[in-house]
Structures are given as C-alpha cells and as structure tokens.
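Structural characterization, general
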Amino acid sequence: MAIIRINDLKVRTLIGAYSWERINKQELVINITIQYDASKASRSDKLNDALNYESVAAKAIKTAERSRHTLLEKLVGQLMEGVMSDRRVQAAHVRVDKPHALPHARCVSFELSAER
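Our subject in this report is the structure included herewith. (Residues numbered from 1 in each chain as written. Predicted model: local features only at pLDDT ≥ 70, side-chain atom pairs only at ≥ 80, totals over all residues. Heavy atoms only, no water.)

**Quick look at the sheet that holds strand β4 (residues 107-115)**
Across the sheet, which stays open at both edges, the 4 strands sit in the order β1-β2-β3-β4 with antiparallel pairing between neighbours. Each edge of the open sheet carries a strand with a single partner, namely β1 (2-13) and β4. Put simply, the sheet's adjacent strands are angled 15° from each other on average, direction ignored. Pairing of strand β3 (residues 89-99) with β4 involves 9 bridges; the strand directions are antiparallel. Among the inter-strand pairings, Ala92 is bridged to a residue of β4, identified as Ala114. In the packing of helix α2 (residues 53-66) onto the sheet, the strands contacted are β1 and β2 (26-36), and the crossing angle to β1 comes to about 30°. Its contacts with the sheet place helix α3 (residues 72-84) against β2, β3 and β4, and it is angled at close to 150° to β3. (Pairing = 2+ DSSP bridges. Helix = DSSP H or I, 4+ residues; strand = E, 2+ residues; numbered from the N terminus. Axes fitted to C-alpha atoms, helices over the stretch in contact; angles between N-to-C directions. Contact = heavy atoms within 4.5 Å.)

Structure representation (structure tokens):
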C-alpha cells in the first residue's frame, strides 16, 4: 500500500457561524493523506496508472473555495467525499486547520478518516 500526502494546501473561503465570517474570507489549511495500491504505477512509470495528486488538490481547492458552510465538519465531509470518489483510494485522512479561530491558539482543526 502506498501513501500520498498533500501537506499544507492553503485556500481562502467563507466559513463560520459569526456574521463577520460570512463576509470575510479566511485562510484554511488542508492536509490529505491517501492510501492506494501504487504497484501498477511503480512498474509502468505512467501517470495514467497513478493516482494523480494534482487533480486531488485541484478538487479540494475548488470544493473549499466554493464553500459557504458554517462548520468545518461539513467542509471536511465534502472534501472526504471527493477524495473517496476515486475507487482506487483504499483509505484517506483529511484535516482542515482554521488559523486564528481562537486568539491564543495556532489553529483549530477538524479531521476525518475513511476506508473501504
């Protein structure tokens, strides 16, 4: 089983329960870990045989930037659905950090894991 990690993918979006959060975009940091069988790609050296992490990142950015959710839980759930929509993914872990959510903390995070 192979592991792909997309670390510290930064996006700006509207998210939150407070009125100011509904009009001011905030930075979120997305981390995605994917497990899949890369044996075919490791033999062939062909992109078509690999899980394309660029397309995974692009889908995550698009999903997050279009978000208008109140909760991180909802956004992370949508991100996870996008990752798991590729049938080659055996397991995934998605974490979203919301910097500046609390005044004395680096960030607040929410994360989900899924497997087939």
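**Here we look at α3**
Compared with an ideal rise of 1.5 Å per residue, which puts 13 residues at 18 Å, α3 spans 18 Å between its outermost C-alpha atoms and is within 8% of the ideal. Every buried residue belonging to α3 is among Leu72, Leu75, Val76, Gly77, Leu79, Met80, Gly82, Val83 and Met84, and all of these are buried. The secondary structure elements touched by the buried residues of α3 are β2, α2, β3 and β4. (Expected span 1.5 Å × (residues − 1). Buried < 20%, exposed > 50% of the residue type's maximum accessible area, 1.4 Å probe, protein only.)

**Digging into the pairing of β2**
Of all 11 residues in β2, 8 are buried, a share of seventy percent or more. Pairing geometry for β1 and β2, over 10 bridges, is antiparallel. Following the sheet pairing, Ile6 is matched in β2 by Ile32.

**Quick notes on unusual backbone geometry**
The phi angle at Asp45 is positive, at roughly 60°, despite the residue not being glycine. Relative to the elements of secondary structure, Asp45 occurs in the loop between α1 (39-44) and α2. Taking relative accessible area as the criterion, Asp45 reaches 72% and is therefore assigned exposed. Positive phi values are uncommon outside glycine, yet His100 reaches one of about 70°. Note on placement: His100 falls in the loop between β3 and β4.

**A word on the side chain of His69**
You can see His69 is positioned in the loop between α2 and α3. Of the polar contacts made by the side chain of His69, one reaches the side chain of Gln78; its length is 2.7 Å. Among residues more than four places away in sequence, those in contact with His69 are Leu14, Ile15, Gly16, Arg22, Lys74, Leu75 and Gln78. (Polar contact = N/O pair within 3.5 Å; in protein donor to acceptor, adjacent residues only side chain to side chain.)

**Describing a positive patch on the surface**
There is a patch of like positive charges on the surface, built from Arg12, Arg22, Lys25 and Arg68. Relative to the helices and strands, Arg68 resides in the loop between α2 and α3. (Patch = residues over 30% accessible without salt bridge, like charges linked within 9 Å, V, L, I, M, F, W, Y side chains within 5 Å. Areas by Shrake-Rupley, 256 points an atom, 1.4 Å probe, with all protein chains shown as cover. Salt bridge = Lys/Arg side-chain N within 4 Å of Asp/Glu carboxyl O. Lys, Arg positive; Asp, Glu negative; His and termini not counted. Charge placed at Lys NZ, Arg CZ, Asp CG, Glu CD.)

**Quick look at the pattern of salt bridges**
Side chains that differ in sign of charge can pair as their charged atoms come close. Taken as a whole and assessed by the stated rule, the structure comprises 4 salt bridges. When the shortest N-O distance is used, the salt bridge between Glu21 and Lys98 registers 2.7 Å. You can see Glu21 sitting in the loop between β1 and β2 and its partner Lys98 sitting in strand β3, a full 77 residues away along the chain. Both residues of the pair, Glu21 and Lys98, count as buried. A salt bridge links Lys40 to Asp49, with the shortest nitrogen-to-oxygen separation between them at 3.7 Å. Looking at Lys40, the relative accessible area reads 49%, which means it is partly exposed.

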